[in-house]
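Understanding the architecture of this molecule
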2 protein chains.
Amino acid sequence: MHLVAQHPFAYYGALMALEHAILVSLAEKSATGYDLARRFDASIGYFWQASHQQIYKVLGRMERAGWVEFETVPQDGRPDKKVYVLTSAGRDELGAWTSKATPVEYLRSEFAVKLRALPFGNATAIVEDVRTRRRVHEERLAYYAESAARFYPDPDALRPDQMGAWLVLRGGMLAEETALAWCDEILQRLAPEETDR
Amino acid sequence: MHLVAQHPFAYYGALMALEHAILVSLAEKSATGYDLARRFDASIGYFWQASHQQIYKVLGRMERAGWVEFETVPQDGRPDKKVYVLTSAGRDELGAWTSKATPVEYLRSEFAVKLRALPFGNATAIVEDVRTRRRVHEERLAYYAESAARFYPDPDALRPDQMGAWLVLRGGMLAEETALAWCDEILQRLAPEETDR
DNA sequence: GATCTCATGTAATCAGTTACATGATTTC
DNA sequence: GAAATCATGTAACTGATTACATGAGATC
């Protein structure tokens with residue numbers, strides 16, 4: 001199953017965080033740009049996405065800043081790998097970053113804009129859109145719940161190094177539950193006759 | 001109180017939506033770029049922000065596309081106003097946009113990245129950050145609840161044209177409640193001794 | 001024969017931010 | 001006298017997207 005985590009609320013505001021996402025990922029395990037791109041397709045990528053193009057660009061910048069180093073690993077039949085490793089300067093930067101408060105990001109939701117367009121637009125299409133979104137959030141929630149059950153069967157007995165990832169997963173589950181609840185509220189107001197599903 | 005709505009989850013992905021946010025805003029009421037910027041500081045701005053610079057840029061683009069027109073209103077002692085009005089092409093575009101599904105946006109949370117950095121960073125600072133964020137979400141929730149009580153005292157007797165705005169406000173409240181709940185879960189795991197507040 | 005995986009990038013474009021610019025009127 | 005409000009923008013920059021490029025090996 002190839003799911004990408006999403007949410008009814010878009011925000012942005014805190015830019016420049018890709019560097020730090022990569023630092024975290026490399027702190028967990030050294031990797032090539034290609035590896036990172038795949039990790040950003042899953043795990044970390046549920047809450048932070050990046051294309052391989054962007055990752056290569058940022059890795060170059062980080063290397064020039066001295067946060068990472070790479071070792072070229074020749075391969076046969078395929079292009080050489082560049083395996084990136086955190087430097088101590090990179091580890092320092094991670095420490096400094098976690099010591100500063102993260103600004104609470106701006107909420108941004110295109111869907112919310114669309115809801116406000118209700119009196120001026122195609123109401124039936126909007127209701128249909130809500131139903132579609134509801135299904136997507138349902139799937140995602142199921143996927144997160146499954147991951148949680150598989151990787152963290154006993155949340156009260158987590159190893160300290162698993163705590164962060166668990167809490168992130170919990171955040172994703174809470175967000176999806178909320179998104180679902182919101183869809184239900186909307187449907188109840190806009191299409192009350194069909195209280196199905 | 002000058003609050004800007006925010007959320008622990010940043011997303012983005014669906015770009016180019018500022019045009020549609022402006023279309024909705026102008027459909028509600030004709031306005032100058034300056035007016036729009038102020039509206040984006042409040043109401044719609046709780047869920048969609050834009051600077052005046054960006055708004056002027058986009059208004060120019062929309063005017064060239066024929067979605068809006070403006071009338072220059074001279075004033076004394078201040079610069080002339082350009083009052084923008086939706087054209088029928090603009091109204092068509094709004095209709096077309098609401099007829100298409102909005103892609104479910106990507107979740108993006110810098111704070112989630114920071115949680116994953118727990119084993120490699122300053123854990124006490126991260127806990128302090130969570131407490132700060134908790135307070136922010138608490139304030140916002142209170143602010144939304146107050147707005148809801150003032151503008152929509154009886155949610156079961158809404159006029160049809162108020163429905164969209166009400167549902168958006170509800171989304172904001174749900175999001176803030178969830179953000180709060182997440183902060184509490186995090187604090188319970190990372191600083192269980194102080195189950196204060 | 002087509003598509004997928006591995007592995008690296010460059011180039012063009014775009015939405016949005018930050019900084020800069022102007023100038024009268026009103027409020028503290 | 002300083003700051004805020006009204007009202008419009010331009011310029012430089014940046015994070016990120018989309019499109020383009022290459023090339024071998026493995027799977028369908």
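Everything quoted here is computed from the prediction, not taken from an experiment. (Residues numbered from 1 in each chain as written. Chains lettered and ligands numbered in written order. Predicted model: local features only at pLDDT ≥ 70, side-chain atom pairs only at ≥ 80, totals over all residues. Heavy atoms only, no water.)

Below, the discussion takes up the overall build of chain A. Scanning chain A from terminus to terminus reveals 7 helices and 4 strands. Seen through its C-alpha atoms, chain A measures out along the principal axes to roughly 65 × 45 × 40 Å. Taken over 197 residues, chain A has a buried fraction of 52%. When the accessible area of chain A is evaluated, it comes to approximately 9,400 Å², of which 53% is carbon and sulfur surface. Across chain A, the mean location of the 24 positive side-chain charges is 4 Å away from that of the 28 negative side-chain charges. (Helix = DSSP H or I, 4+ residues; strand = E, 2+ residues; numbered from the N terminus. Buried < 20%, exposed > 50% of the residue type's maximum accessible area, 1.4 Å probe, protein only. Areas by Shrake-Rupley, 256 points an atom, 1.4 Å probe, with all protein chains shown as cover. Lys, Arg positive; Asp, Glu negative; His and termini not counted. Charge placed at Lys NZ, Arg CZ, Asp CG, Glu CD.)

Turning our attention to the relation of the copies chain B and chain A. Between chain B and chain A, the superposition needs a rotation of 180 degrees and an axial shift of 0.0 Å, giving an RMSD of 0.1 Å. The operation mapping one copy onto its partner corresponds to a two-fold rotation axis. Taken together, the interface assignments show that 100% of the residues at the interface of chain B recur at the interface of chain A, consistent with an identical surface on both copies. (Least-squares fit on C-alpha atoms with pLDDT ≥ 70 in both. Contact = heavy atoms within 4.5 Å.)

By convention, interface size is frequently given as the accessible area that disappears when the constituent parts associate. Taken together, the contact pairs 78 residues of chain B with 78 residues of chain A. Summing the contributions of chain B and of chain A, the shared interface buries around 7,200 Å²; its carbon and sulfur component is 63%. Summed over the three residues of chain B that lose the most area to chain A, namely Glu110, Arg116 and Arg189 of chain B, the buried surface amounts to 12% of that side. Inspection of the region where chain B meets chain A yields 8 salt bridges. The shortest N-O distance in the salt bridge between arginine 170 of chain A and glutamate 185 of chain B comes to 2.6 Å. For the pair chain B and chain A, the number of links is 32 residue pairs in polar contact (both at pLDDT 80 or more). When residues of the side of chain B that touches chain A are traced back to their parent elements, those giving at least two are β1 (10-12), α1 (18-28), α4 (88-99), β4 (106-108), α5 (110-116), α6 (123-151) and α7 (163-190) of chain B. When residues in the side of chain B that touches chain A are grouped by element, the largest group, 18 residues, is from α7 of chain B. In the side of chain B that touches chain A, the residues fall into 46 nonpolar, 17 polar and 15 charged. (Buried area = accessible area lost by both parts, 1.4 Å probe. Salt bridge = Lys/Arg side-chain N within 4 Å of Asp/Glu carboxyl O. Polar contact = N/O pair within 3.5 Å; in protein donor to acceptor, adjacent residues only side chain to side chain. Nonpolar A, V, L, I, M, F, W, Y, C, P; charged D, E, K, R; others polar.)

As a further point, take the environment of glutamate 139 of chain A. On the secondary structure map, glutamate 139 of chain A appears in helix α6 (residues 123-151). Separated by 37 residues in the primary sequence, glutamate 139 of chain A and glutamate 176 of chain A place their C-alpha atoms 9.3 Å from one another.

With that settled, the discussion passes to the UniProt feature "domain: Transcription regulator PadR N-terminal" (unreviewed entry) in chain A. The residues that UniProt annotates with the feature "domain: Transcription regulator PadR N-terminal" (unreviewed entry) are residues 22-95 of chain A. Spanning residues 22-95 of chain A, this segment combines 47% helix with 16% strand, and its end C-alpha atoms are found 14 Å apart. (UniProt positions renumbered as here; feature names shortened; annotations may be inferred.)

In this structure's numbering, the residues bearing the UniProt feature "domain: Transcription regulator PadR C-terminal" (unreviewed entry) are residues 107-190 of chain A. Secondary structure content for residues 107-190 of chain A is 76% helix and 2% strand, and the end C-alpha separation is 24 Å.

Position of threonine 102 of chain B among the secondary structure elements: in the loop between α4 and β4. Residue classification places threonine 102 of chain B among the buried residues on the basis of a relative accessible area of 4%. Separated by 2.7 Å, the side chains of threonine 102 of chain B and lysine 114 of chain A make a polar contact. Among residues more than four places away in sequence, those in contact with threonine 102 of chain B are Glu110, Phe111, Lys114, Asp129 and Arg133 of chain A.

Residue and element names in this part refer to chain A. In the contact formed by helix α1 (residues 18-28) and helix α4 (residues 88-99), the axes pass within 10 Å of each other and the chain directions differ by 120 degrees. Between α1 and α4, the crossing angle belongs to the class labelled oblique. For the pair α1 and α4, the crossing hand works out as left-handed. Between α1, through His20, Leu23, Val24 and Ala27, and α4, the contact on the second element is made entirely by Gly90, Glu93, Leu94 and Trp97. Of the residues belonging to the contact of α1 with α4, the class tally is 5 nonpolar, 2 polar and 1 charged. (Axes fitted to C-alpha atoms, helices over the stretch in contact; angles between N-to-C directions. Parallel < 35°, antiparallel > 145°, perpendicular 65-115°, else oblique. Left-handed = near helix turned anticlockwise from the far one by under 90°.)

Moving on to the packing of α1 of chain B against helix α3 (residues 52-65) of chain B. The geometry of a pair of packed helices is captured by two quantities: the angle between their axes and the separation between those axes. Residues and elements named next belong to chain B. At a minimum axis distance of 10 Å, the contact between α1 and α3 shows a crossing angle of 85 degrees. If you check the angle between α1 and α3, you find them roughly perpendicular. Packed against α1, whose contacting residues are Leu18, Glu19, Ile22 and Leu23, the element α3 presents Gln54, Ile55, Val58, Leu59, Arg61 and Met62 at the interface. Counted by class, the contact of α1 with α3 contains 7 nonpolar, 1 polar and 2 charged residues.

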